[in-house]
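A closer look at the structure
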Amino acid sequence: QVQLLESGGGLVQPGGSLRLSCAASGTILSINDMAWYRQGPGKERELVAAITSGGSTNYADSVKGRFTISRDNAKNTVCLQMNSLKPEDTAVYYCKADVWTRTGIAATRAGYWGQGTQVTISS
């Protein structure tokens, strides 16, 4: 009963910027790792960036230096600032979160995925 809603996708020219946001809602006790994945046309889904609850980050080599992942624990959100965008960045971007939820008297940790938001880089 956790939903992740991505927003901020769109069409931009090469060299432009976009900021993606993902908000988690539902019966959330806490969120551990959060991440952004992407899936280009005809390609498999790949990890773009990840951030721990403490703020440690990890980036794919292809986006390092151009993308920045951040989070606001109070708002249960994670963002991806994308600069110097390239055509090869075109993909559907998905938010993922490892979330602690309550089911009855139990607390359970599970991964949740957003529905995805389209990012298109084209002249």
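Look above for the structure.
1. Concerning unusual backbone geometry
In this structure, asparagine 76 takes a positive phi of about 55° despite not being glycine. On the secondary structure map, asparagine 76 appears in the loop between β7 (67–72) and β8 (77–82). Positioned with a positive phi, serine 84 is a non-glycine residue whose angle comes to about 50°. Looking at the element boundaries, serine 84 is found in the loop between β8 and β9 (91–103). Under the relative-accessibility criterion, serine 84 is labelled partly exposed at 41%.

2. Here we look at the packing of aromatic side chains
Overall, the coordinates contain 1 aromatic pair when judged by the stated rule. If you follow arginine 45 out to its NZ or CZ, it ends over the ring of tyrosine 94, 3.7 Å from the centre. Directly above the ring of tryptophan 113 sits arginine 45, whose terminal nitrogen or CZ lies 4.8 Å from the centroid.

3. As for the pattern of salt bridges
It is possible for side chains of opposite charge to pair when their charged atoms get near one another. Taken as a whole and judged by the stated rule, the model has 6 salt bridges. As a salt-bridge pair, lysine 64 and aspartate 61 come within 3.4 Å of each other at their nearest N and O atoms. Note that arginine 66 is salt-bridged to aspartate 89, the shortest N-O span being 2.8 Å. Highlighted residues: arginine 66 in the loop between β6 (57–59) and β7 and aspartate 89 in the loop between β8 and β9, separated in sequence by 23 residues. Each of the salt bridges in this network shares a partner with another, and the network as a whole consists of Arg38, Glu46, Arg66 and Asp89.

Parameters and conventions
Residues numbered from 1 in each chain as written. Predicted model: local features only at pLDDT ≥ 70, side-chain atom pairs only at ≥ 80, totals over all residues. Heavy atoms only, no water. Helix = DSSP H or I, 4+ residues; strand = E, 2+ residues; numbered from the N terminus. Buried < 20%, exposed > 50% of the residue type's maximum accessible area, 1.4 Å probe, protein only. Phe/Tyr/Trp six-rings, centres within 6.5 Å; stacked < 30°, edge-to-face > 60°. Lys NZ or Arg CZ within 6 Å of the ring centre and 35° of its normal. Salt bridge = Lys/Arg side-chain N within 4 Å of Asp/Glu carboxyl O.

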